[in-house]
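A look at the structure
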Amino acid sequence: APLVDLALFANRSYSAVNLATLAFGTAFAMMFFAFFSYMTRIWHFSLPLAGLAVTPGPLMVVPTAIIAGRIAARTGHRPILVIGSLVYAASGLWLLLVPGSEPAYATQWLPGLFLSGIGVGMVLPSLSGAAVAGLPPAQYAVGSAVNQATRQLGSVLGVAVTVLLVGHAHLTRADFLPVYGMHVALALVTGLLCMAVKTRPVAK
């Protein structure tokens, strides 16, 4: 008896959600890991200051997730996922184009951080919800576990790629361009995959 029944993936929406989870998990890990490298290696922030500087992004996630969840309950997850992916792509584009080599946190980094927090709040919880929304009760637990494992795999890939790109001794601003370019591309792939998600409630 297999631990994971591959019949799960016969559900087109479930398969799309898991591929989107892999893409978004990779992008999220790249963004988060690169943030600290940029703050400490390019702007020469201390680690405690870099930790404080990242705080506004996660603070945006919780209220955004609450609002997004309520909307998804009425409209289904697809609109939230697609729009959230575009917002997250916009955050990557901001970080790709705007911050320079000299510290200017409030004007050059904070707007991108707000965009990333909103994007994560819209996408990450909605991916978890959409993964199990169409599954029969007997597959709910395994389906959710597979989705969470997929997200963790994406995180591992994201950290590995980021270390490969910016893990060397002498970093410059240009070394981060491929990281944020991939951030944008993976966010757009996430949105494209989420077009196949069908979890809209059936009208009674």
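Refer to the preceding data block for the structure.
All of these numbers come straight from a predicted model, not from anything done at the bench.

Attention now moves to the environment of isoleucine 66. Relative to the assigned elements, isoleucine 66 resides in helix H3 (residues 56-75). On the basis of relative accessible area, isoleucine 66 is assigned to the partly exposed category, the value being 45%. Taking the C-alpha atoms as reference points, isoleucine 66 and alanine 10, 56 residues apart in sequence, are found 30 Å from one another.

Take the nonpolar core next. One finds Met39, Trp109, Leu127 and Phe176 to be the most contacted residues of the largest nonpolar core, which totals 46 residues. Among the elements of the structure, helix H1 (12-42), helix H2 (47-53), helix H4 (78-97), helix H5 (105-133), helix H6 (140-166) and helix H7 (177-194) are those that each provide at least two residues to this core. For this core, the leading source of residues is H1, giving 13 residues. With residues up to four places along the chain from it excluded, the contact list for leucine 127 reads Val17, Ala20, Thr21, Phe24, Leu81, Asn147 and Cys194.

Together, Arg12, Arg78, Lys198 and Arg200 make up a positively charged patch on the protein surface. By the secondary structure assignment, arginine 12 is in helix H1. Note on arginine 12: relative accessible area 59%, which makes it exposed.

This next bit is on H6. Taking 1.5 Å of rise per residue, the 27 residues of H6 would be expected to cover 39 Å, and the 39 Å separating its terminal C-alpha atoms lies within 8% of that figure. Within H6, the full set of buried residues consists of Gly143, Val146, Asn147, Thr150, Gly154, Gly158, Thr162 and Val166. Looking at the buried residues of H6, the elements they touch are H1, H5 and H7.

With that settled, consider the side chain of aspartate 175. Relative to the elements of secondary structure, aspartate 175 occurs in the loop between H6 and H7. Buried within the structure, aspartate 175 lacks any salt-bridge partner; arginine 41 is the closest side chain of opposite charge, at an N-O distance of 7.9 Å. A distance of 3.5 Å separates polar atoms of two side chains, one belonging to aspartate 175 and the other to histidine 168. Setting aside its immediate chain neighbours within four residues, aspartate 175 contacts Leu165, Val166, His168 and His170.

Here is what the cut-offs are and how they apply
Residues numbered from 1 in each chain as written. Predicted model: local features only at pLDDT ≥ 70, side-chain atom pairs only at ≥ 80, totals over all residues. Heavy atoms only, no water. Helix = DSSP H or I, 4+ residues; strand = E, 2+ residues; numbered from the N terminus. Buried < 20%, exposed > 50% of the residue type's maximum accessible area, 1.4 Å probe, protein only. Core = buried A, V, L, I, M, F, W, Y, C linked by side-chain atoms within 4.5 Å. Contact = heavy atoms within 4.5 Å. Patch = residues over 30% accessible without salt bridge, like charges linked within 9 Å, V, L, I, M, F, W, Y side chains within 5 Å. Areas by Shrake-Rupley, 256 points an atom, 1.4 Å probe, with all protein chains shown as cover. Salt bridge = Lys/Arg side-chain N within 4 Å of Asp/Glu carboxyl O. Lys, Arg positive; Asp, Glu negative; His and termini not counted. Charge placed at Lys NZ, Arg CZ, Asp CG, Glu CD. Expected span 1.5 Å × (residues − 1). Polar contact = N/O pair within 3.5 Å; in protein donor to acceptor, adjacent residues only side chain to side chain.

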